[in-house]
Amino acid sequence: ELAAKEQPAAEGEPKAAPPLPTLVLAHDTTPVAVTACEAIERHLERAGFAIDRQPWREGMKFDLRYVELAMWEPVVDAPRVFGDRSLTGGPSPYMTLALGRLAKARDSQQVRSRLQEIHRLVHDELTVLPLWQLTDHFAYHRSVGGVGDRPAALYQNVDAWRTELRLEADE
């Protein structure tokens, strides 16, 4: 007799979905990257994925890679992010052509049109998940304690934050 798990589904009942694969999530070892990837791992596990979080090393195989980067000027940054020796593992022939056309743009209308072409190619060829904006610095009033020495995120340890009432005479 078959065990309960091995019994075929009764006629008309949906079959159980096969288990989802384990995804390798590669990341840098900075505090921000580790904290962010821990959160990503929790969310993906809730969706049914098993996650194998690993520090990034050159040449490693991965399914997802967490990268912190800032795009300040698309004309300059597009080749850096999507061109040869980029984070994407190398461009397709279509991306190479589009980046070359961007480099030869003569005016703002051509630049805009060619950046839109690159945007379409990125959409079609890559899965880029822009996450949240992480800032490098933040300021807080000296009356707030419990923030920590070097928090990796703005509201990290917010439950431990405490304020001391200060009167103007104390300032």
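Scroll up for the structure.
Every chain is numbered independently, its residues counted from 1 as its sequence is written. Thresholds applied to this predicted model are a pLDDT of at least 70 for local features of residues and 80 or more for the giving and counting of side-chain atom pairs; totals over whole chains, interfaces and linings are not thresholded and use all residues. With hydrogens and water stripped out, all remaining heavy atoms of the structure feed into the side-chain values.

Some words on the pattern of salt bridges
- Within this document, salt bridges are pairs made up of a side-chain nitrogen of Lys or Arg and a carboxyl oxygen of Asp or Glu, the two lying within 4 Å of each other. Tallied over the full model, the rule gives 3 salt bridges.
- D77 serves as the salt-bridge partner of R80, at 3.3 Å between the closest nitrogen and oxygen. Pair noted here: R80 and D77 are both in helix 2 (residues 74–82), with a separation of 3 residues, about one helical turn.
- Across the salt bridge formed by R101 and E117, the nearest N and O atoms sit 3.3 Å from each other. Of the two residues, R101 is situated in helix 3 (residues 93–103) and E117 in helix 4 (residues 108–125); the sequence distance between them amounts to 16 residues. What counts as a helix is a DSSP run of H or I of at least four residues, what counts as a strand is a run of E of at least two, and both are numbered from the N terminus.

Regarding the sheet that holds strand 3 (residues 64–65)
- Any two strands with at least two DSSP-identified bridges between them are counted as paired. On the basis of which strands lie adjacent, the open sheet formed by 3 strands has the order 2-1-3 and parallel pairing. Looking along the sheet, the strands with just one partner apiece sit at the ends: strand 2 (50–55) and strand 3.
- As paired elements, strand 1 (residues 22–27) and strand 2 share 6 bridges and run parallel to each other. Bridging across to strand 2, L23 finds its partner in I51.
- Along the sheet, helix 1 (residues 31–46) makes contact with strand 1, strand 2 and strand 3, crossing strand 2 at roughly 165°. Contacts between residues were defined by any pair of non-hydrogen atoms, one from each residue, lying within 4.5 Å. Axis lines are fitted to C-alpha atoms, over the contacting stretch for helices. Their N-to-C directions set the angle, which ranges from 0 to 180 degrees.

Considerations on the nonpolar core
- Counting residues in each nonpolar core, the largest one holds 10 residues, listed as A78, V81, F82, M95, A98, L99, L102, I118, L121 and V122.
- Of the residues forming this core, the biggest block, 4 residues, is contributed by helix 3.
- Excluding residues that lie within four positions of it along the chain, L102 makes contacts with V75, A78, V111, R114, L115 and I118.
- With 8 residues, the next largest nonpolar core counts L23, L25, I51 and Y66 among its residues. Nonpolar core, defined: a set of buried Ala, Val, Leu, Ile, Met, Phe, Trp, Tyr and Cys residues in which side-chain atoms within 4.5 Å join the residues together. Throughout, exposure labels follow a simple rule: accessible area from a 1.4 Å probe, protein chains only, divided by the maximum for the residue type, with under 20% read as buried, over 50% as exposed, and the rest as partly exposed.

Some words on the packing of helix 2 against helix 3
- Where helix 2 contacts helix 3, the axes come no closer than 10 Å and their chain directions differ by 160°. One finds that helix 2 runs roughly antiparallel with respect to helix 3. Judged by the sense of rotation from one axis to the other, the crossing of helix 2 with helix 3 is left-handed. Contacts between helix 2 and helix 3 involve V75, A78, P79 and F82 on the former and, on the latter, M95, L99 and L102.
- Gly is placed with the polar residues, together with every amino acid not listed as nonpolar (Ala, Val, Leu, Ile, Met, Phe, Trp, Tyr, Cys and Pro) or charged (Asp, Glu, Lys and Arg). In the contact of helix 2 with helix 3, the residues fall into 7 nonpolar, no polar and no charged. Oblique is the label for any angle not under 35 degrees, not over 145, and not in the 65 to 115 range, which are roughly parallel, roughly antiparallel and roughly perpendicular in turn. It is the rotation of the near helix from the far one that decides the hand of a crossing: anticlockwise by less than a right angle makes it left-handed, clockwise makes it right-handed.

Some thoughts on the side chain of H27
- With respect to the element layout, H27 can be found in strand 1.
- Overall, H27 belongs to the buried group, its relative accessible area being 4%.
- Excluding residues within four positions of it along the chain, H27 makes contact with V34, C37, R53, Q54, P55, W56 and Y66.

Considering helix 1
- Working rule for helices: expected span equals 1.5 Å times residues minus one. For helix 1, built from 16 residues, the straight-helix expectation of 22 Å at 1.5 Å per residue is met to within 8% by its first-to-last C-alpha distance of 23 Å.
- Residues A33, A36, C37, A39, I40 and E41 constitute the buried set of helix 1.
- Residues of helix 1 that are buried make contact with strand 1 and strand 2.
- Immediately downstream of helix 1, the backbone of G48 shows phi near 100°, a positive value.

Keep in mind these values describe shape, not function.
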